Amino acid sequence: MRKTISCLLTANAALLLAAVLPFRLSPGDVAPSRPPVPAGSPGVPGAPGALAAPPGRPVSGRGHAAVSLPVLRPGAEGTIVLAVRRRLSRLGFDEGPPGPTYGPAMRAAVWAFQKANGLPPVDEVDGPTWRALAHPARIRPLVPSGGPTRVEIDLRRQLLTVWRNDRPELVTHISTGNGEHYCEKGHCGVAVTPTGDFRAWLRTPGWTSGPLGDQFYTVYFNGEIGFHGSEKVPRHPASHGCIRIPLHNARPIYDMIRPGDPVYVRRPGPADERPKSHRT
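What counts as what
Residues numbered from 1 in each chain as written. Predicted model: local features only at pLDDT ≥ 70, side-chain atom pairs only at ≥ 80, totals over all residues. Heavy atoms only, no water. Helix = DSSP H or I, 4+ residues; strand = E, 2+ residues; numbered from the N terminus. Buried < 20%, exposed > 50% of the residue type's maximum accessible area, 1.4 Å probe, protein only. Contact = heavy atoms within 4.5 Å. Areas by Shrake-Rupley, 256 points an atom, 1.4 Å probe, with all protein chains shown as cover. Expected span 1.5 Å × (residues − 1). Phe/Tyr/Trp six-rings, centres within 6.5 Å; stacked < 30°, edge-to-face > 60°. Lys NZ or Arg CZ within 6 Å of the ring centre and 35° of its normal. Salt bridge = Lys/Arg side-chain N within 4 Å of Asp/Glu carboxyl O. Polar contact = N/O pair within 3.5 Å; in protein donor to acceptor, adjacent residues only side chain to side chain.

Visitor: An account of the overall build of the chain is needed here, citing residue identities and associated values.
Guide: If you tally the helices and strands in the chain, you get 5 helices and 13 strands. Among the 280 residues that make up the chain, the fraction classed as buried is 45%. Long-range contacts, defined here as pairs at least 24 residues apart, represent 57% of the contacts in the chain between residues at least 6 apart. Accessible surface, the chain: about 14,500 Å² in total, of which carbon and sulfur atoms supply 55%.

Visitor: Explain helix α2 (residues 79-90) residue by residue, including any values.
Guide: Taking 1.5 Å as the rise per residue, α2 with 12 residues should run 16 Å; its terminal C-alpha atoms sit 17 Å apart, in good agreement. By the criterion of burial, α2 is predominantly enclosed, with 9 of the 12 residues buried. What α2 keeps buried is the set T79, I80, V81, L82, A83, V84, R85, R87 and L88. Looking one or two places after α2, you find G92, whose phi comes out positive at around 100°.

Visitor: Go over the packing of aromatic side chains with me, naming the residues and quoting the values.
Guide: Enumeration over the complete set of coordinates arrives at 7 aromatic pairs. Their ring planes at 70° and their centres at 4.9 Å tell us that Y217 and Y254 sit as a pair that is edge-to-face. Of this pair, Y217 sits in strand β9 (residues 213-222) while Y254 sits in helix α5 (residues 247-256); the two residues are 37 residues apart in sequence, bridging distant segments of the chain. Y254 shares its class with Y217; the two are buried. Linked through ring pairs, W207, F216, Y217 and Y254 together constitute an aromatic cluster. If you follow R150 out to its NZ or CZ, it ends over the ring of W163, 4.6 Å from the centre.

Visitor: Quick one: what's the story with the pattern of salt bridges, residue by residue and with numbers?
Guide: Pairs may arise between side chains of opposite charge once their charged atoms sit close together. Following the criterion strictly, the structure yields 8 salt bridges and no others. Of the charged contacts, one joins D197 and R266 as a salt bridge, the two residues approaching to 2.7 Å between their closest N and O atoms. Remark: R266 occurs in strand β12 (residues 262-266) and D197 occurs in strand β7 (residues 196-199); sequence separation between them is 69 residues. We classify R266 as partly exposed; its relative accessible area is 24%.

Visitor: Kindly report on unusual backbone geometry, identifying the contributing residues and their values.
Guide: Here the phi dihedral of Q158 falls at roughly 55°; this positive angle occurs in a residue that is not glycine. What makes Q158 buried here is its relative accessible area of 4%.

Visitor: If you had to explain the side chain of E152 to someone new, which residues and values would you point to?
Guide: Its location among the elements puts E152 in strand β2 (residues 150-154). Note on E152: relative accessible area 3%, which makes it buried. At a separation of 2.8 Å, a polar atom in the side chain of E152 contacts the main-chain amide nitrogen of L142. Within the structure, E152 has its side chain in polar contact with the backbone nitrogen of V143 (distance 2.9 Å). Excluding anything up to four places from it in sequence, E152 contacts P141, L142, V143, L159, L160, T161, W163 and Y264.

Visitor: Describe helix α4 (residues 127-134), listing the residues and the values that go with them.
Guide: Within α4, 6 of the 8 residues are buried, leaving the element largely enclosed by the surrounding structure. Along α4, the positions that sit buried rather than exposed are G127, T129, W130, A132, L133 and A134. Each element contacted by the buried residues of α4 is listed here: α2 and α3 (104-116).

The structure is reproduced here in structure tokens:
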């Protein structure tokens, strides 16, 4: 009897979330959720799948009363996670392999989305992130006349955007040169990602190894500097000069870009980064 009541409460919660989410939830979005974590349980609030009420203003759907949506953290699973993943994908932030789990790839997509919307990159889908998902910022080009297919790299916000047919096709979190001196395996220099106008010139599929580390699906555009997949893409500049991309985005970007396509690297000022919101 108790199990039946619990199932009914879970189903009702899913229906309520579907009603108030700022984007549509289809029947295919419904997936099993972990049971709620009781207050005072070991690991709360850091336990995988733990949810908490977000601070700040609640989010409301059109025609529905405002309610507090849960804070989603890495490890969370279920209907609402799947809905957020699909929303990110629709907006151009690839969230990785399909599934109802908040994993590392989704975390990188959340970082990218937050940065593109003028928010600090944090692991959580919190109140400000929910509001941005409801009314996302328009992705503004760094180089408006740069060509229908191009790559734009924003060093200040640590974002890479692939434009196709003059539309942002994919936006990803990146990590670029940290500006420090280095000497590794006989190679010394300054870890800088130069700004400028370049063109893709060489593409290397799969994993390749170089003197400064392993790279996954690399596209070179400035001598030995390129963008490539990496297992380590932190929230700060950390590379020797190349542009590190989360692994799940490396192959899609590799497939989109051909030799000769423009690559623009910029460091815009704060005034140029102000997001312009609109409804989607």
